[in-house]
Amino acid sequence: MKTIIVEADKGILSESDLNTATNIIKSGGLVAFPTETVYGLGADALNPEASKKIYKAKGRPSDNPLIVHIADSGNMEQIAREIPDKAFRLAEVFWPGPLTIILNKKDIVPFSTTGGLNTVAIRLPASGIAKDLISRSGGYIAAPSANISGKPSPTRAEHVIADLSGKVDMIIDGGKSTLGLESTIIDLSSDEPIILRPGCITKAMLENIIGNAPYDKAILGKIIEKDIKPKAPGMKYSHYAPEGCLTIYEGNIESVILAINKKAKEITEKGKTVGIIATEETKGLYRYGNIKSIGRRGDEDSIAAGLYAVLRDFDDIHAEYIFSESFARGDLGQAIMNRLLKAAGYRVEKIL
Ligand code: AMP
Ligand code: MG
């Protein structure tokens, strides 16, 4: 398939490119587009054949449901039923933005979009391009991250092009994703709210509006254990894994740097390609391997925005071993460490 690739100029897509994208979605095709979290791979959420194409292009397991993106919060009621007051309150405060709400679905939403579940995940993104595309294409676009399953989520158009060129109808280049981590997911389909995926809208921010909202147990630790089954089906797949063997070093930063330097020297001397995930503050302190800064320690937002691009960079140079510093698990840090730990298959070296 020939993929049309277009570029938005300073966040604005030309009228003719927007028309092309809209026509593709309406006729059941696939368009990758930028959002503030990561790039999404979109199809008409109410057309079962269209959403099946998403699974095929990504190589995504068919039981891993898609998030339905809307452009008008009123549309939530067209696709969900028994909507609790808490959902309206969260939508009011955090939409448009990086929050996905799980609700019981109406029949209009095909099971091929929800991975066979009776619930539907809904988000109203902030990105102008996303909103224009959604509202012009009928109001409901199913869009998981626009990567091949098993790759880190794409935060730049070149990531999408590398993964999906030739497999989708169109890719819209909207520059770097500003947030760089997937949306927070909260399940409001039963009486107790549960956070299924940490993200930029933190637990504290959610609880400030609706009261108690615990994390799904599965996201706090190693989730592949038999008795803890994640409620978001996607969380059970260890996606985001880089090609190389990633280990996270935890402890005070000076000791971590010493330990990583020692290990990187040893592995480099064996002739292996080593990558080091450092930060602006620490990158000058490493002596071996390919050192990449993920962001600034003092600025969690920059770390979230840089994480996936660095993981992809190390895939590009075929790093065989990657050593990473760890980050505080405060508000946004919880989301960052959740992604990093998954990418590392929970391989952590504790440095005393
Ligand atoms: P992605 O858009 O690639 O970040 O993937 C969407 C995430 O949302 C996956 O982890 C899914 O398992 C999760 N998700 C989507 N719909 C539902 C749902 N109805 N119930 C629980 N989790 C969902
Ligand atoms: Mg994804």
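Please refer to the structure higher up on the page.
Residues numbered from 1 in each chain as written. Chains lettered and ligands numbered in written order. Predicted model: local features only at pLDDT ≥ 70, side-chain atom pairs only at ≥ 80, totals over all residues. Heavy atoms only, no water.

**Q** It is not clear to me how the packing of aromatic side chains should be interpreted in this structure. Could you clarify?
**A** What characterises a pair of aromatic rings is the spacing of the ring centres plus the angle enclosed by the ring planes. By the definition in use, this model includes one aromatic pair. Residues Y249 and F323 carry aromatic rings whose centres are separated by 5.8 Å and whose planes lie at 90° to one another, so their mutual orientation is edge-to-face. On the criterion of sequence distance, the pair formed by Y249 in strand 12 (residues 245-250) and F323 in strand 15 (residues 321-325) is long-range, its members being 74 residues apart. The class for F323 is buried, based on a relative accessible area of 2%. (Phe/Tyr/Trp six-rings, centres within 6.5 Å; stacked < 30°, edge-to-face > 60°. Helix = DSSP H or I, 4+ residues; strand = E, 2+ residues; numbered from the N terminus. Buried < 20%, exposed > 50% of the residue type's maximum accessible area, 1.4 Å probe, protein only.)

**Q** What is the right way to read the side chain of T279 from this model?
**A** Looking at the element boundaries, T279 is found in the loop between strand 13 (274-278) and strand 14 (290-293). Among the polar contacts listed, one links the side chain of T279 to the side chain of T282, at a separation of 2.8 Å. Those residues in contact with T279, other than ones at most four positions away along the chain, are S293, I294, G295, R297, E325 and F327. (Polar contact = N/O pair within 3.5 Å; in protein donor to acceptor, adjacent residues only side chain to side chain. Contact = heavy atoms within 4.5 Å.)

**Q** Even after reading the chapter, I still don't get the sheet that holds strand 12, so can you show me in this structure?
**A** Ordered by their spatial adjacency, five strands build an open sheet running 14-13-15-12-16, and the pairing between neighbours is parallel. The open sheet is flanked by strand 14 and strand 16 (348-350), the only strands paired with a single partner. Taken pair by pair, the neighbouring strands of this sheet meet at an average axis angle of 25°, ignoring direction. Pairing geometry for strand 12 and strand 15, over five bridges, is parallel. Bridge pairing in strand 15 places Y249 opposite E325. Against the sheet, helix 8 (residues 253-269) touches strand 12, strand 13 and strand 15, its axis set at about 170° to strand 15. (Pairing = 2+ DSSP bridges. Axes fitted to C-alpha atoms, helices over the stretch in contact; angles between N-to-C directions.)

**Q** I tried to follow unusual backbone geometry on my own but got confused; where do I start?
**A** Most peptide bonds are trans, and most residues other than glycine sit at a negative phi. For the peptide bond that leads from W95 to P96, omega is -5°, which places it in the cis range. Position of P96 among the secondary structure elements: in the loop between helix 4 (85-94) and strand 6 (99-105). The phi dihedral of Y346 is positive, around 65°, even though this residue is not glycine. Considering the arrangement of structural elements, one finds Y346 in the loop between helix 10 (331-343) and strand 16. When its relative accessible area of 22% is taken as the criterion, Y346 is described as partly exposed.

**Q** It is not clear to me how the pairing of strand 15 should be interpreted in this structure. Could you clarify?
**A** Two faces belong to every sheet, and in a regular strand the side chains alternate between them. When you tally the buried positions in strand 15, you get four out of five residues, the bulk of the element. In terms of strand pairing, strand 13 meets strand 15 through four bridges, oriented parallel. Bridge pairing in strand 15 places V274 opposite Y321.

**Q** What should I look at first to understand the environment of I5 in this one?
**A** Structurally, I5 is set in strand 1 (residues 4-7). According to the relative accessible area criterion, I5 is partly exposed, its value standing at 43%. It is 8.7 Å that separates the C-alpha atoms of I5 and S165, two residues lying 160 residues apart in sequence. What I5 contacts, discounting residues up to four positions off in sequence, is I161 and I171.

**Q** Hey, could you run me through the packing of helix 4 against helix 7 (residues 203-210) in this one?
**A** Here helix 4 crosses helix 7 at 125°, and the two axes come no closer than 10 Å. The orientation of helix 4 with respect to helix 7, classified from their angle, is oblique. Handedness of the helix 4/helix 7 crossing: right-handed. Residue-level contacts link K86, R89, L90, V93 and F94 of helix 4 to M205, L206, I209 and I210 of helix 7. The class makeup of the residues in the contact of helix 4 with helix 7 is seven nonpolar, no polar and two charged. (Parallel < 35°, antiparallel > 145°, perpendicular 65-115°, else oblique. Left-handed = near helix turned anticlockwise from the far one by under 90°. Nonpolar A, V, L, I, M, F, W, Y, C, P; charged D, E, K, R; others polar.)

**Q** In this structure, what is going on with helix 1 (residues 15-26)? I would like to understand it.
**A** Because each turn of an α-helix spans 3.6 residues, side chains separated by three or four positions end up pointing in the same direction. In this model helix 1 runs 16 Å from its N-terminal to its C-terminal C-alpha over twelve residues, within 8% of the 16 Å that 1.5 Å per residue would give. Along helix 1, the residues classified as buried are D17, L18, A21, T22, I24 and I25. When helix 1 is viewed along its axis, its buried side chains cluster within an angular range of 160° and face the same direction. Buried residues in helix 1 make contact with strand 1, strand 2 (31-33), strand 3 (40-44), helix 5 (128-136), strand 8 (141-142) and strand 9 (170-173). Following helix 1 by one or two positions, G28 adopts a phi angle in the positive range, close to 90°. (Expected span 1.5 Å × (residues − 1). Arc of directions from axis to C-beta.)

By themselves, these figures tell us nothing about what the structure is for.
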